Each structure stands twice: as C-alpha cells, then as structure tokens.
Amino acid sequence: MRTSVAAVIALLALSACGSESDEEPQESASDRKKTDAIAACQNAVLDRLKAPSTADFVSSSAVGAFVVKVKGEVDAQNPMGAMVRSSYECDVLFDSENNVRPDDITVNVVQR
C-alpha cells in the first residue's frame with residue numbers, strides 16, 4: 001500500500017510540473033497592430049513637440065482594425081521650459097501587409 005501511495009504522489013508531482021509552460025503567450029495580430037499603431041503615433045507626436053527629448057507618454061490606448069485610432073496624453077516642455085500635459089489623437093492606416101503607412105498618420109495634439 002505504501003508503495004502505491006508513493007507512486008501516486010510521484011505521478012501527481014510529475015504531472016503538476018509538466019503542466020506549467022515557460023513559453024510566453026503569443027501576441028495576437030490585432031494586439032500587435034495596436035502596439036505598432038501606438039508606437040507610430042507616439043513618433044509622430046514627438047515630431048510635433050518643441051522639446052521631444054523631454055516627452056513622457058503617460059497614457060495611450062488604441063482601437064480599430066484597418067485604421068487604428070490612438071489616443072493618449074504626453075508631458076513635455078513647452079518653448080518656455082514649463083512641463084505641459086497635452087492630449088493627442090492619431091489615425092494610423094495600415095497597408096495590405098499590416099505595415100504602418102507613415103504618410104497616412106493623422107495627428108492632432110492639443111495642449112491643456
């Protein structure tokens with residue numbers, strides 16, 4: 001009886017170890033597209049800031065499929081050196097191969 005109990009415990013321990021996976025979950029194509037759209041939008045916003053090296057993106061979100069709408073906020077210095085929070089919105093267009101089309105990013109940055 002002791003041998004069978006030990007065997008059951010050993011099997012349970014082995015099966016518990018085998019059920020865990022070290023692999024990261026795969027990012028879905030939709031999530032990857034949104035991540036790419038956020039990065040493209042933030043780069044476009046940086047191009048429009050007076051002091052892009054001071055930029056701190058404090059929030060961002062993305063929705064959509066073919067055209068992804070990105071919204072967020074960024075803190076950056078204005079021309080007088082004061083940190084100012086601005087809201088931004090971008091419409092990011094993807095081509096048929098799911099690549100961002102840099103010429104087709106519409107950006108609107110509004111200081112508060």
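Residues numbered from 1 in each chain as written. Predicted model: local features only at pLDDT ≥ 70, side-chain atom pairs only at ≥ 80, totals over all residues. Heavy atoms only, no water.

Colleague: Mind showing me how you'd approach the sheet that holds strand β4 (residues 100-111) here?
Modeller: The strands making up a sheet are joined through hydrogen bonds of the backbone, oriented either antiparallel or parallel. Strand order in this open sheet of four strands is β1-β2-β3-β4, and the pairing throughout is antiparallel. The open sheet has two edge strands, β1 (51-64) and β4, and neither has a second partner. Here the strands of the sheet are splayed against their neighbours by 25° on average, with no regard to which way each runs. Strand direction decides the pairing type here: strand β2 (residues 67-77) and strand β3 (residues 83-94), joined by 11 bridges, are antiparallel. Bridge pairing in β3 links Gln77 to Met83. Contacts between helix α2 (residues 29-48) and the sheet are confined to β1, β2, β3 and β4, with β1 contributing the most and set at about 145° to the helix. (Pairing = 2+ DSSP bridges. Helix = DSSP H or I, 4+ residues; strand = E, 2+ residues; numbered from the N terminus. Axes fitted to C-alpha atoms, helices over the stretch in contact; angles between N-to-C directions. Contact = heavy atoms within 4.5 Å.)

Colleague: Can you walk me through the environment of Tyr88 in this structure?
Modeller: Residue position: Tyr88 is located in strand β3. Counting along the chain gives 19 residues from Tyr88 to Val107, while the straight-line C-alpha distance between them is 7.1 Å. A polar atom in the side chain of Tyr88 sits 3.5 Å from the side chain of Gln42. Engagement of the side chain of Tyr88 in a polar contact is seen with the backbone oxygen of Ser59, the distance being 3.3 Å. (Polar contact = N/O pair within 3.5 Å; in protein donor to acceptor, adjacent residues only side chain to side chain.)

Colleague: Looking at this structure, I do not really get the pairing of β4. What am I missing?
Modeller: When a strand is regular, its side chains alternate between the sheet's two faces. Where β3 and β4 come together, eight bridges link them in antiparallel fashion. Paired with Cys90 across the bridge in β4 is Val107. Here β3 hands over to β4 after five residues, with Asn98 in that stretch at a positive phi of 65°.

Colleague: What am I meant to see in the pattern of salt bridges here?
Modeller: When the charged atoms of two side chains lie near each other, side chains of opposite charge can form a pair. Here the structure, examined in full by the defined rule, presents three salt bridges. The residue Asp91 makes a salt bridge to Lys69 at a minimum N-O spacing of 2.8 Å. Placement of the pair is Asp91 in strand β3 and Lys69 in strand β2, with a sequence separation of 22 residues. Judged by relative accessible area, Asp91 falls into the partly exposed class, the value being 27%. Lys69 sits in the partly exposed class, given a relative accessible area of 32%. Note that Arg85 is salt-bridged to Glu73, the shortest N-O span being 4.0 Å. Linking Arg85 in strand β3 with Glu73 in strand β2, this pair joins segments that are 12 residues apart in sequence. (Salt bridge = Lys/Arg side-chain N within 4 Å of Asp/Glu carboxyl O. Buried < 20%, exposed > 50% of the residue type's maximum accessible area, 1.4 Å probe, protein only.)

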